[in-house]
Amino acid sequence: MSPDDRYYITTAIAYANNRPGLHTLYEVVGADVLARWHRMKGDRTRFLTGIDEHSVNIAQRAAELGTTPKAFVDENVALFKTAEDALLISPDRFIRTTDPDHIRAAQEMVRRAYANGDIYVGDYEGWYCPAEGFKAPSDVLETAQGTRCPNHPTVDLQWLSEHNWFLRLSAYQERLERYFEEHPDFVQPDYRRNEMLGFIRGGLEDFSISRSGASWGIPFPIMPDGSSAQLSDGSWNPEAGTIYVWYDALINYVTGAGFPDDKEAFERWWPADLHVIGKDIARFHTIYWPAMLWSAGLEAPRRVWVHGWLLAQGERMSKSLGNFLDPVDVVRTLGPDGTRYVSLREVPFDRDADVSWDSFVRRYNTDLANNFGNLLNRTVSMVNRYLEGSRPAPSRGSLQVAWMHALPAYREKLEACQLSEALAALWDFVDKANREVDLEQPWVLAKEAKAGVEGKSEYLGHVLGDLVEACRLIGLAVAPFMPTAAPRILAQLGYEYSYGADGNGGAPVLPLLEWEAGFVPGGRVAAAEPLFPRLETEAATPAAG
RNA sequence: GGCGGAGUAGCUCAGUGGUAGAGCAGGGGACUCAUAAGCCCUUGGUCACAGGUCCGAAUCCUGUCUCCGCUACCA
């Protein structure tokens, strides 16, 4: 993955305008799984997620509520943190674009672009809503009364032109094409890469990076004549305007790596190994962002993964449509482990997929309660019943052979960000283990052994030893997806679990995922206790739907 | 409009030249260690449509229809 043993992974930062739905945090859960996997492997891992807090929309919304922008975003950040805690998200830093070091980082990136001759003052023109600010062409309505702002339909829009700073994106076209060609894995999945490459080849235009009207943003550090916008008292000249959108939001990835203050940290963590983002912002992350970094003399990220949407009956889940799932509700029903598993198993990480309470509960019951949960339960029960709880050693049977195929498949899919397929590969092995129980019929072996039939006692030990080992391997392998279930699985099998709450601090996991490698002789299993109680569909459906 | 992708069992999808597959959902059965879970068997598809190439096409070619993604300044 990474040429060294460190792994720096980020999510996009969510917009702080509301409480989060599961469709928003889905990306964070996926990235969290990858971060935990790398931590457990022993990589020095840094996982960054956070919140985007600036913009005229935020300021406007706060004003409507009679509060300050800062107080408004503080409230939403608290809601995000509550939901992320419920989902067991384990960031090494939760970044906010109002953090002082981020403000310094964004300003420094602008200064570097200026020093490199990549930004210039130009004219930005477009529709301007007096109540809100400039509106993108895609964000205005054409009505019988003319062009209107969707948020303020009674206000007349004005066609305005203002002096703004622009980044010479056009100067980076050739370098971008070359970077895409030399790094075929830079943008994944492939069809997103092709779309972005097509966009680059179609010709790149410069884009504006400042706004003069907005006050809720990072002060632009440079005056039009190139002098510093910082005043003698340390404050910023409002005439310079603020940094606009991408030179604020995207910068969080370098801020989170230590830029510009902590050179040692930045040296260690940059470039990022993986940005996990949604498909709506692919262009900004794969085209604008590398150009911005190069302009500052920094490296482009190594890989960008573009995921799809969670849909409800074919429509994108969203707050405005009201067709979203509240993560706290889902966690209350499925548990944090169940919610993480089901979200990432039901939705392929590379494209959109329909989800619903019904599909989540069905998946939970099938995969967790019936298949894996029951496998663990029947295995532990049989060891208790037939072997007085004494944990038998694994043998070298067909389950070992199956595991030799399942583990590489799981790893390969996981490290390719194909999270649902990784789980599918692991659950093929769960199914194999369940079939093994019915094939070997340990209850028959136990009767034969009790009756003194030659070799049956030893064979029963092999069969149950293989099943215990299968459960240990599954429980350990799935730990990034199910961080609190994993130690409980291992505990039922009588094993220690050495990883901390965020996946750090344990022994490197890969050697422990070898068949029989983690077996400790002389152990005892605990009492069997259902890990994932089966849910009744109706009881599990919240009244709100 | 341009570029790209997809149309296969009720649902989600795999399957790129050789007698149509998986999971879930539905039906039946044998068992009993287990969370009435698990296991076995099974219903179900003129593989969008029409031509063509080939001994042979879901798979290659042409055309048609339908759907989806990208096609620049939302955080």
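In this report, the structure presented in the accompanying data block is examined. Throughout, a residue's number is its position along its own chain's written sequence, starting from 1. Whichever chain is written first becomes A and whichever ligand is written first becomes 1, with later ones labelled in order. Given that this is a predicted model, residues contribute local features only at a pLDDT of at least 70 and side-chain atom pairs are listed and counted only at 80 or more, while totals for whole chains, interfaces and linings are drawn from all residues. Where side-chain values are given, they derive from all heavy atoms of the structure, hydrogens and water being excluded.

### Brief notes about the sheet that holds strand 17 (residues 315–316)
Two orientations exist for strands paired in a sheet by backbone hydrogen bonds: parallel and antiparallel. What counts is decided by this rule: Strand pairing is defined by DSSP finding a minimum of two bridges between the two strands. Where helices and strands are cited, they refer to DSSP runs of H or I of at least four residues and of E of at least two residues respectively, numbered from the N terminus.
Pairing is mixed across the open sheet formed by 3 strands, whose spatial order is 17-16-18. Sheet topology places strand 17 and strand 18 (353–354) at the edges, where each strand pairs with a single neighbour. Summarising the sheet, strand 16 (residues 310–312) and strand 18 pair through 2 bridges and their orientation is parallel. From the neighbouring strand, Leu311 faces strand 18, where its bridge partner is Asp354.

### Regarding the protein's contact with RNA strand B
The line we're drawing: The near set for a molecule or strand comprises every residue that places at least one heavy atom within 4 Å of it. Throughout this description, a polar contact denotes any pair of N or O atoms lying within 3.5 Å of each other; where both atoms belong to protein, one of them has to be capable of donating a hydrogen while the other can accept it, and for residues adjacent in sequence the pair is counted only when both atoms sit in side chains. Polar here means any residue outside two lists: the nonpolar Ala, Val, Leu, Ile, Met, Phe, Trp, Tyr, Cys and Pro, and the charged Asp, Glu, Lys and Arg; Gly therefore counts as polar.
With respect to spatial proximity, 47 residues lie near RNA strand B, and among them Tyr15, Ala136, Gly203, Glu205 and Arg283 are the closest. For RNA strand B, the fraction of protein-proximal atoms (within 4 Å) that sit in sugar or phosphate groups is 67%. Within the side chain of Tyr386, one N or O atom sits 3.2 Å away from a sugar or linking oxygen of RNA strand B. Residue Asp438 places a side-chain N or O atom 2.8 Å away from a base nitrogen belonging to RNA strand B. Mapped onto the surface near RNA strand B, the elements with two or more residues apiece are helix 6 (190–201), helix 10 (282–295), helix 12 (357–387) and helix 14 (419–440). Here the element with the most residues in the surface near RNA strand B is helix 12; it accounts for 13 residues. Broken down by class, the residue content of the surface near RNA strand B amounts to 20 nonpolar, 14 polar and 13 charged.

### Overview of the packing of aromatic side chains
Counted only if it meets this: Each pair of aromatic rings taken from Phe, Tyr and Trp, with Trp reduced to its six-membered ring, is defined by centres within 6.5 Å and is described as stacked if the planes are under 30 degrees apart, edge-to-face if over 60, and tilted in the remaining cases. Here's how the labels work: a residue is buried when its accessible area is under 20% of the maximum for its type, exposed when over 50%, partly exposed in between, all with a 1.4 Å probe on protein chains only.
Summed over all chains, the structure comprises 27 aromatic pairs. A ring pair is formed by Phe207 and Tyr288, whose centres lie 3.9 Å apart and whose planes are at 15 degrees; its orientation type is stacked. Here the residue Phe207 occupies a position in strand 11 (residues 207–208), and Tyr288 occupies one in helix 10, the gap between them amounting to 81 residues. With a relative accessible area of 8%, Phe207 lands in the buried category. Ring geometry for Tyr497 against Tyr499: centres 5.3 Å apart, planes inclined by 65 degrees, an arrangement best described as edge-to-face. On the basis of relative accessibility, which here comes to 8%, the residue Tyr499 falls in the buried class. Every member of this aromatic cluster is reached through a ring pair, and the members are Tyr8, Tyr253, Phe259, Phe266, Trp269, Trp270 and Trp289.

### Structural notes on helix 4 (residues 100–115)
In plain terms, the rule: The span expected for a helix works out to 1.5 Å for each residue beyond the first.
Along its 16 residues, helix 4 runs 23 Å from first to last C-alpha, staying within 8% of the 22 Å computed at 1.5 Å per residue. Looking one or two residues past helix 4, Gly117 carries a phi angle of roughly 75 degrees, positive in sign.

### Notes on the pairing of strand 3 (residues 44–52)
Within strand 3, 8 of the 9 residues are buried, which leaves the element mostly enclosed by the surrounding structure. Here 5 bridges tie strand 1 (residues 6–11) to strand 3, and the two strands are oriented parallel to one another. Note on strand 3: the bridge partner recorded for Tyr7 is Thr45. In this structure, strand 2 (residues 14–15) lies alongside strand 3, joined through 2 bridges in parallel fashion. Residue pairing in the sheet places Tyr15 in a bridge with Asp52 of strand 3. The sheet contact formed by strand 3 and strand 4 (residues 93–96) spans 4 bridges and is parallel. In the strand pairing of strand 4, Thr49 is matched with Phe94.

None of the figures reported here should be taken as evidence of function without further support.
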